[in-house]
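Chain by chain, the residues run as shown.
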Amino acid sequence: MAELKATTRYRLHGMHHVTGEVDVVLEQGENLLGRDPAAVATFDDPQVSRRHALITVRGGVVEVRDLDSANGTYVNGERVMAAELREGDRLRIGDLTLELIGRLLGDRRQTQIVTSADGAVMVVPLPRDPNATRVVDDGVSAGVVAAPPPAPARGVVPDEWLDSDVISEERLRSIGVDVQTCGFAGIGGGMGSFVWADLLRVSGVPAEAIAVIGNEERPYGRYERLCRNSQIPPHERLRSNSDSCPDNVWGFPAYAPREIWRAIRGGDLRLAGRLLWQIFGEPALVQTYTPRSGDVFRAVDREAARIGWPAIVRFGRARAIRRSAEGRLLVIASASDEQHRRHYAISAPFIHLAVGYPSLQLLPDLAEYREAFDDRTRVVNAYEQHDHIYEQLRAKGGTVVLRGRGIVASRIIQKLYEERHNNPKIAIVHLHRSRLTGGHTYGSSKREVDAEFEFQPFNWPKGCWTGEQRATMERADPEERKQLLEAWGGTTTADRRDWRRMVQEGLREGWYRSEYGVVKELAPTPDGRVTSRISNTLAGGGTLELVADFVIDCTGLIASPERSPLLHDLIDRYALTRNALGRLQVANDFEVTGMRHGSARMYASGAITLGGPHAAVDSFLGLQYAAYRAVEGMRLADPARIRTLNGWYSFVQWSRWARGKAP
Amino acid sequence: MVALGAGEGTVTPTLVGRWQTRLALLATIGLLITVIFVLGLRSDVFLRVLVYVAVFGFVWDVIYILIQRFRWDRDWPAAFQVLNGITEGVFLYAVIALGLLPFLPARDVAPGVFLAHYGLVWLAIFLWTQGPMRAFFPFWRFHGGRITPRT
């Protein structure tokens, strides 16, 4: 055997409340943490200083030194100026807690490409020669010693164990890791996991058989934060259909009749009449009904209590998914806090992956500006917390540049319109790359356009959920799917009369206008504002300098798997196929077929599957559709565990829902 | 005649979904109401009217789907469903009154009784598809109104 020189490669791994998982690879030598362009990783967190801390790696010694940061550097809960870090130590900067993880580099085995029984091509390591000596790391100087490796901390899965495709549950237990076996394991813990678990529950699966790994106490935790940041407070209406009910798979009674009923009981007959007219006439005669976010969240709370959600959720962060030697699929999760490091694992024959959007999107020129000028107050993403903008505008007035013409932009305009009542000196410049000439067309139909907005009640044409386009998409091949998504997709906003009125008013009164061109760069001005330099193609060339107090990026979220360490590792480890959009490839029943392991199967849902069999994957009803298909797939694979939710049995379950009784 | 659409409580229908839902609901809810009329008024003319509603419906559904193609959302609002109910009823009564239908002579069908029977069948099916249907068949809507899901 060739002698391998082993070194430990260290990583910092953690979870940010908005951007999701953070994974920083530390190089030998100096690693700067902070918002400086030279930093090894930058964090979307206003509490992180530009040059926050320096991490030095020398051989197996890792040290951290605080660089006079504003909010300090903490190791295992204590503020430090300098400290040595050991594996498992928790480093906190700003809101972010990162765990130091070591990885042995010399232990990488050679791989071979094999074709599995179902035709999937996989990369697997060559079997390890049991007689070979094994390279391990003693922490300081690398050397060759005999197997087995030194015992790791109890209850913690050693990082090098994750370098294998198959992990033994028994072996995990032997090092004190809590391995729970159950029928169904969900990963994510958000709305996607919730509607899946809810469907299982009403299909006769007991709560004890389901475990969902998540970070949120409530299934809508992250969703609600993104709503609030993008200016959807509880009384505002979501862009969701009346009968897309994450708390009720039947969609009956839908949110509109429930609101009508509440209005009648509250004596508000005018509202009841208006809503009734709305659901009758929408969308031809009157704008489409959508539910208030607060009403949806309350309904989900009620359903969560009914199905025993608190007993289903396991607090933690999924770190890796592996095949288990016992023939199941295994999720290894971290439940570490600042004081203790602890891992646990859940093994199940069925796994459901619903991790949502891995990250926020920032337009490249805006990201560059933030890096270069260390300014996260004047240039923000609409999904980030940015109340400081409205506070300053209320006090002093000012100009805001909006980027993106979707529904988030509409919401921000509404918020700014409302703030204008407090301070009329607020102006909006809506910056577009080009003029919007006509709406998208598909077949004999065309999407409506007005004042630079393209209108559509929901984020996809309605037929994408359950109608003609759903069937078309399912039948299409990968390349056609991509084309269909382009035809049906694009940036749209809802045709709300109040929004149209606000824009028309703004155009008339001069506090709202559109500009066109490609942004070359952004720069701060001496008086604390920000200027966008735009090559103004519409005005016949030349450069336009647009000075504003704030720039708000309304272009959205990113679903590319690279942004999620969990997905990245999974795709890498099992050589999973990606679809034409680069997302996780799923079959028509949302199975990630490349993960099959004996009779164990993995399914996915949500934005990570866009480009697959369904267009509207990032919506309540789309999540329910994906859950329905996945549960149906699981039922066909194991009919003894799941009942078909249809006919009389479905009615019985529905009536239990109506009476608030457990399924 | 069968109320199918993307309005509150319904689905975004496909052609096969429209056909299947129409047939299934006429053969159940429609038949139930028709039997009451047949027994109450001791005349099987209502049964023949029901059959014609189904037969003409096959063609109406094709027309609706063609119109639907011009709608960006490929949906069918509740208001359209009400309109469909009226046009189908008026058309059916007109061809009966003109004596164009075999096995259904105009003299057998009094306008008042036709209105009561047709109106009730339509209303019952409309209300049923607005939500209660889904308590029994939750995934009916996920397949554009197909009773036999094809996945």
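These figures come from a predicted structure and were not determined experimentally. Each chain carries its own residue numbering, running from 1 in the written order of its sequence. Chains and ligands are labelled sequentially in the order written, the chains with letters from A and the ligands with numbers from 1. The predicted nature of this model means local features are confined to residues of pLDDT at least 70 and side-chain atom pairs, given and counted, to a pLDDT of 80 or more, with totals for whole chains, interfaces and linings taken over all residues. With hydrogens and water set aside, each side-chain value is computed from the structure's full complement of heavy atoms.

A. Inspection of a nonpolar patch on the surface at higher detail. All names here are of chain B. Note that patches include only residues with greater than 30% relative accessible area and no salt bridge, and the join distances are 9 Å for like charges and 5 Å for nonpolar side chains (Val, Leu, Ile, Met, Phe, Trp, Tyr). Note on areas: Shrake-Rupley with a 1.4 Å probe; residue coverage comes only from the protein chains shown. Any carboxyl oxygen of Asp or Glu that lies within 4 Å of a side-chain nitrogen of Lys or Arg is treated as forming a salt bridge with it. A cluster of nonpolar side chains, contributed by L23, F58, V59, I63 and I67, occupies part of the molecular surface with about 400 Å² of accessible area. Counting residues per element, the nonpolar patch draws most heavily on helix α2 (residues 45-68), which supplies 4 residues. Mapped onto the elements, V59 comes out in helix α2. In this description a helix means any DSSP run of H or I spanning at least four residues, a strand means any run of E spanning at least two, and both kinds are numbered starting from the N terminus.

B. Spotlight on the packing of helix α1 (residues 15-41) of chain B against helix α4 (residues 111-129) of chain B. All names here are of chain B. Contact geometry for α1 and α4: axes closest at 10 Å, N-to-C directions at 150 degrees. Of the possible angle classes, the one that applies to α1 and α4 is roughly antiparallel. The handedness of the crossing between α1 and α4 comes out as right-handed. Of α4, the residues touching α1 (which contributes L25, L26, I29, G30, I33, T34, F37 and L41) are V113, A116, H117, L120, V121, A124, I125, W128 and T129. Its residues assigned to classes, the contact of α1 with α4 shows 13 nonpolar, 4 polar and no charged. Angles shown run from 0 to 180 degrees and are taken between the N-to-C directions of axes, each axis being a line fitted to C-alpha atoms and, for helices, limited to the stretch in contact. The scheme is simple: roughly parallel for angles under 35 degrees, roughly antiparallel for over 145, roughly perpendicular for 65 to 115, oblique for anything else. Handedness of a crossing is defined here by the sense of rotation of the near helix relative to the far one, left-handed for an anticlockwise turn of less than a right angle and right-handed for a clockwise turn. Throughout, a contact is declared for two residues whenever any of their heavy atoms are within 4.5 Å. In this classification, the charged set is Asp, Glu, Lys and Arg, the nonpolar set is Ala, Val, Leu, Ile, Met, Phe, Trp, Tyr, Cys and Pro, and all remaining amino acids, among them Gly, are polar.

C. Main features of the pattern of salt bridges. All names here are of chain A. For the structure shown, the criterion picks out 51 salt bridges over all chains. Ionic pairing is found between E384 and R370, a salt bridge with its closest N-O pair at 3.0 Å. A residue pair is termed long-range when its members are at least 10 positions apart, and E384 in the loop between β25 (379-381) and α9 (387-396) and R370 in helix α8 (residues 364-373) qualify at 14 residues. The exposure classification of E384 matches that of R370, with both residues buried. Here R533 makes a salt bridge to E521, at a shortest N to O gap of 2.8 Å. Of this pair, R533 sits in strand β34 (residues 530-535) while E521 sits in strand β33 (residues 518-524); the two residues are 12 residues apart in sequence, bridging distant segments of the chain. Each of E236, R411, R496 and D498 takes part in a single network of salt bridges with overlapping partners. We call a residue buried when its accessible area falls under 20% of the maximum for its residue type, exposed when it is over 50%, and partly exposed in between, using a 1.4 Å probe and counting protein chains only.

D. Summary view of the interface of chain A and chain B. The interface is formed by 51 residues belonging to chain A together with 33 residues belonging to chain B. Put simply, buried area is the surface a 1.4 Å probe can reach on two separate parts but cannot reach once they are joined, added for both. With both sides pooled, the region where chain A packs onto chain B buries about 3500 Å², and carbon together with sulfur makes up 58% of that total. The interface formed by chain A and chain B includes 3 salt bridges. Its salt-bridge partner being R74 of chain B, residue E468 of chain A comes within 3.3 Å of it at the nearest N-O pair. In the analysis that follows, any N or O atom pair within 3.5 Å is treated as a polar contact, provided that within protein one partner can donate a hydrogen and the other can accept it, and provided that, for residues neighboring in sequence, both atoms belong to side chains. Linking chain A to chain B there are 19 residue pairs in polar contact (both at pLDDT 80 or more). Here the side of chain A that touches chain B is composed, by residue class, of 25 nonpolar, 17 polar and 9 charged.

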